[in-house]
Amino acid sequence: DGGITQSPKYLFRKEGQNVTLSCEQNLNHDAMYWYRQDPGQGLRLIYYSQIVNDFQKGDIAEGYSVSREKKESFPLTVTSAQKNPTAFYLCASSGTGTAKDTIYFGEGSWLTVV
Amino acid sequence: KQEVTQIPAALSVPEGENLVLNCSFTDSAIYNLQWFRQDPGKGLTSLLLIQSSQREQTSGRLNASLDKSSGRSTLYIAASQPGDSATYLCAVGSTGGFKTIFGAGTRLFVKA
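Overview of the structure.

Cut-offs applied
In every chain, residue numbers begin from 1 and rise along the written sequence. Here every chain gets a letter starting at A, and every ligand a number starting at 1, in the order they are written. Only residues with pLDDT of at least 70 are given local features in this predicted model, and only at 80 or more are side-chain atom pairs given and counted; all residues enter the totals for whole chains, interfaces and linings. For side-chain calculations, the full set of non-hydrogen atoms in the structure is used, while hydrogens and water are omitted. The secondary structure listing takes helices from DSSP runs of H or I that are at least 4 residues long and strands from runs of E that are at least 2 residues long, numbered from the N terminus. We take the radius of gyration over the C-alpha atoms and set the globule estimate at 2.2 Å times the residue count to the 0.38 power. Partly exposed describes any residue whose relative accessible area lies between the buried limit of under 20% and the exposed limit of over 50%, with all areas from a 1.4 Å probe on protein chains only and scaled to the type maximum. Pairs of residues are marked as contacts when any of their non-hydrogen atoms sit within 4.5 Å. Every accessible area reported is derived by Shrake-Rupley at a probe size of 1.4 Å, with residue values counting cover from the shown protein chains alone. Here the positive residues are Lys and Arg and the negative ones are Asp and Glu; neither His nor the chain ends is included. A single reference atom marks each charge: NZ on Lys, CZ on Arg, CG on Asp, CD on Glu. Take the accessible area each of two parts loses on contact, using a 1.4 Å probe, and add the two losses: that sum is the buried area. Salt bridge, as applied in this entry: a Lys or Arg side-chain nitrogen positioned within 4 Å of an Asp or Glu carboxyl oxygen. Each residue gets one of three labels, nonpolar for Ala, Val, Leu, Ile, Met, Phe, Trp, Tyr, Cys and Pro, charged for Asp, Glu, Lys and Arg, and polar for the others, Gly among them. The aromatic pairing rule takes the rings of Phe, Tyr and Trp, using the six-membered ring of Trp, and pairs them if the centres are within 6.5 Å, calling planes under 30 degrees apart stacked, those over 60 edge-to-face and the rest tilted. Geometrically, a charge over a ring is one whose NZ (Lys) or CZ (Arg) sits within 6 Å of the ring centre while staying within 35 degrees of the ring normal.

## Quick word on the overall build of chain A
- When you go through chain A residue by residue, the secondary structure sums to zero helices and eleven strands.
- Put simply, chain A runs from its N terminus to its C terminus through helices and strands in the order β-β-β-β-β-β-β-β-β-β-β.
- Taking 114 residues into account, the globule formula puts the C-alpha radius of gyration at 13 Å, and chain A, at 13 Å, falls close to it.
- Expressed along its principal axes, the backbone C-alpha trace of chain A runs to roughly 35 × 25 × 25 Å.
- In chain A, which comprises 114 residues, the proportion classed as buried is 50%.
- When contacts within chain A are restricted to residue pairs at least 6 apart in sequence, those whose partners lie at least 24 apart make up 53%.
- As displayed, chain A offers around 5,500 Å² of accessible surface, 47% of which is attributable to carbon and sulfur atoms.
- Separation between the mean location of the 11 positive side-chain charges and that of the 12 negative ones in chain A comes to 5 Å.

## With respect to the interface of chain A and chain B
- With 25 residues of chain A in contact, the opposing surface of chain B contributes 22 residues.
- Summed over both sides, the interface between chain A and chain B buries roughly 1,800 Å², with carbon and sulfur atoms accounting for 60% of that surface.
- At the boundary of chain A and chain B, one finds zero salt bridges.
- Counting residues per element, the ones that place at least two in the side of chain A that touches chain B are β4 (31–37), β5 (43–51) and β9 (87–94) of chain A.
- At four residues, the largest contribution of residues to the side of chain A that touches chain B is made by β5(A).
- Considered class by class, the residues forming the side of chain A that touches chain B number eleven nonpolar, nine polar and five charged.

## Some thoughts on the packing of aromatic side chains
All names here are of chain A.
- Summed over all chains, the structure comprises nine aromatic pairs over all chains.
- Look at Tyr33 and Tyr35: their rings are 6.2 Å apart centre to centre, the planes differ by 25 degrees, and that puts the pair in the stacked class. For the pair Tyr33 and Tyr35, a shared accessibility class is recorded, and that class is buried.
- Relative to Trp110, the ring of Phe88 lies with its centre 4.5 Å away and its plane at 35 degrees, an arrangement referred to as tilted. Of the two residues, Phe88 is situated in strand β9 and Trp110 in strand β11 (residues 109–113); the sequence distance between them amounts to 22 residues.
- Judged by its relative accessible area of 3%, Phe88 falls in the buried class.
- Of note, Arg68 hangs over the ring of Phe74, and the distance from its end group to the ring centre comes to 6.0 Å.

Right under this line is the structure:
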């Protein structure tokens with residue numbers, strides 16, 4: 001089935017540690033996104049990529065990094081510089097990467113700092 | 001800057017009731033408006049997509065309307081069921097930029 005796969009579903013991070021969240025899509029979409037969702041709040045855009053080997057900062061990019069080496073993959077690294085990383089992280093994709101497209105989401109990853 | 005607001009933040013209704021969820025946006029220059037459903041701890045599922053040239057879209061018991069001039073959209077759910085309990089988010093694709101802007105959502109609880 002076509003879709004977006006995020007892993008792991010649950011992840012625990014120690015202080016000062018970097019962690020990487022995986023996102024893979026088989027929808028043949030050009031654009032991919034990472035959102036952060038905090039309880040009772042809307043989605044906030046962290047990074048997006050409209051094409052392989054290119055990505056742009058969203059509204060809350062500080063403390064995060066991404067790469068886009070393959071069309072299917074868009075991993076997100078939460079670095080130790082991110083002071084409040086505990087949140088629900090959602091990966092998404094769309095066809096051409098404009099605001100005209102329907103956006104499809106993965107099942108999300110929970111990150112908790114311990 | 002586009003802002004998207006959803007009111008109420010939470011809603012509880014008895015099973016079988018027809019209900020309306022509201023979404024408002026500040027900039028009428030949009031490509032489309034999407035309604036999503038999110039179950040607890042899960043990703044978002046697209047319900048309906050309304051293009052800027054359209055007035056409404058229907059899927060089963062769901063009907064979404066769009067009034068760009070007033071900056072409003074409504075999601076109508078007919079004959080609500082306990083399985084409809086979830087958070088419903090609207091999202092606006094603005095012509096002024098690349099980004100799609102999401103509202104904070106309305107949490108719906110349908111009581112059996």
